Amino acid sequence: MISTHRIALFLRLVLAAVFLYAGITKALDVSAFSQAITRYELLPAVLNLSVAAVLPFLEIYTALLLLTGAWLRAASWLSILMYSMFSVALLSAAMRGLSIDCGCFGSSAGAWSSVGVALLRAIALLCFSLALLVVLPAESDVKNGEQS
Amino acid sequence: MMRSLFKRMTLIIALAVITGAVLHGPSIYSLWQNTAVHDLELYSPQPVERSFVQQWVQKGQLIVDARSHSDYLNGHIGRAHSVPAGDGQRLHDVVACCVDRQQVLVYCSSVSCSDSFTVGEALFVAGFTQVYLYEGGFADWQQGQHNTEATLDEQGGQ
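Residues numbered from 1 in each chain as written. Chains lettered and ligands numbered in written order. Predicted model: local features only at pLDDT ≥ 70, side-chain atom pairs only at ≥ 80, totals over all residues.

(A) Just the interface of chain A and chain B, in detail. Taken together, the contact between chain A and chain B spans 28 residues of the former and 30 residues of the latter. Sorting the residues of the side of chain A that touches chain B by element identifies α2 (30–38), α3 (45–68) and α4 (72–95) of chain A as the ones contributing at least two each. The dominant element in the side of chain A that touches chain B, judged by the number of residues it contributes, is α3(A), at 9 residues. (Contact = placed C-beta atoms within 7 Å. Helix = DSSP H or I, 4+ residues; strand = E, 2+ residues; numbered from the N terminus.)

In structure tokens, the structure reads:
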């Protein structure tokens, strides 16, 4: 039988890999990322630029915490918050019929960047984040002594 | 416990804000300063076919290659300028030299790439009034047995 420790490790690695890749590609091309956010038509220009500057590093720091196992509960909640936000933005774009590149992984990621695929991926990763939070108490009690 | 969790989350967010401000503050400020020529919401590039591009080339009009610079060096449509997606310096150079021409045609590899759309968008925001997208891209151009140019020196991108 698979232990909760292994499940938590698997979830952490998957989430960390996605966050790290997404964060680095966005941080390397902040101009293209700000344009991608603008295409959602959700925020004023100044907020689009601010989100473009900050979000990549929030993803990278969350990934590093998930990888190292430090502050796992905080990292899980941040992951839940980010994927909830991404899901709402993508759902909004899908409902308005916007045919845009999601901007999830830099300027060009082909079919992986379509709104439909990105929405399914965001929901799946949101579920992963919630699952990680559920299995965390046993994991963090044993490994980190983190309080629930 | 909740307080400790909240503190940690706030600390991580604050760290991300500081890193973003330090590393991207100047470029974000520059983007903010240069964003206002055209409203992005008005961007509506016009898709064009190969025959249109042939005439465009014959007239010596402005063409931008949105593929990577190494792809550009290996071969490109005649007289095209290289502006890979996300390359702010080359974008700035093309805007500085040619924005007075108002019209620009952009292409990338093939119908499956989105870089021509992205670069066209940046050119529109920077001041070009009419952006044409050659959606078939370089693959379609080569299928048409048209002449291409290869650029051997690294400085030949503009």
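Back to the write-up after that little detour.
(B) Geometry of unusual backbone geometry. All names here are of chain A. Despite not being glycine, E41 shows a phi value in the positive range, around 55°. Topologically, E41 is positioned in the loop between α2 and α3. In this structure E41 comes out as partly exposed when scored by C-beta crowding, with 14 C-beta atoms within 10 Å. (Buried ≥ 20, exposed ≤ 12 C-beta atoms within 10 Å, placed from the backbone.)

(C) Spotlight on the environment of B:G120. Residue and element names in this part refer to chain B. For G120, the position within the fold is in helix α5 (residues 115–126). With 25 C-beta atoms packed within 10 Å, G120 lands in the buried category. Separated by 13 residues in the primary sequence, G120 and L133 place their C-alpha atoms 7.6 Å from one another. Those residues within four positions of G120 in sequence are excluded, and the remaining contacts are P45, V106, V131 and L133.

(D) α5(B), seen in detail. Helix length check: α5(B) (12 residues) gives 16 Å between terminal C-alpha atoms against 16 Å at 1.5 Å per residue, within 8%. All of the buried residues in α5(B) are B:D115, B:S116, B:F117, B:T118, B:V119, B:G120, B:E121, B:A122, B:L123, B:F124 and B:V125. The elements touched by buried residues of α5(B) are α2 of chain A together with β2 (63–65), α4 (88–98), β5 (103–107), β6 (130–134) and α6 (137–143) of chain B. Just downstream of α5(B), B:G127 is the residue with a positive phi angle, here 140°. (Expected span 1.5 Å × (residues − 1).)

(E) Molecular detail of the packing of helix α1 (residues 4–28) of chain A against α3(A). Residue and element names in this part refer to chain A. Taken N-terminus to C-terminus, the directions of α1 and α3 make an angle of 150°; their axes are 8 Å apart at the nearest point. It follows from the interaxial angle that α1 and α3 lie roughly antiparallel. Relative to α3, α1 is oriented so that their crossing is left-handed. Every residue of α3 that contacts α1 at R12, L15, A16, F19, L20, A22, G23, I24, K26 and A27 is listed here: L55, P56, F57, E59, I60, T62, A63, L66 and L67. Residue composition of the contact of α1 with α3, by class: 14 nonpolar, 2 polar and 3 charged. (Axes fitted to C-alpha atoms, helices over the stretch in contact; angles between N-to-C directions. Parallel < 35°, antiparallel > 145°, perpendicular 65-115°, else oblique. Left-handed = near helix turned anticlockwise from the far one by under 90°. Nonpolar A, V, L, I, M, F, W, Y, C, P; charged D, E, K, R; others polar.)

(F) Broad picture of the nonpolar core. Of all hydrophobic cores here, the largest spans 77 residues; its most connected members are A:L15, B:V64, B:L105, B:V106 and B:L123. With 11 residues, the top contributor of residues to this core is α3(A). Here this core spans two domains, since at least three of its residues come from each of domain 1 (1–34) and domain 2 (40–157) of chain B. In this view, B:L105 contacts B:V48, B:V53, B:W56, B:Q61, B:L62, B:I63, B:Y132 and B:Y134; residues no more than four positions away in its chain are not counted. (Core = buried A, V, L, I, M, F, W, Y, C linked by C-beta atoms within 7 Å. Domains from an automatic or database assignment.)

(G) Layout of the packing of α2(A) against α3(A). Residue and element names in this part refer to chain A. For the pair α2 and α3, the least separation of the axes is 9 Å and the interaxial angle reads 130°. Considered as vectors, α2 and α3 are oriented oblique to each other. Once α2 is placed against α3, the crossing between them reads as right-handed. For the pair α2 and α3, the contacting residues are V30, F33, S34, I37 and T38 in the first and N48, L49, V51, A52 and A53 in the second.

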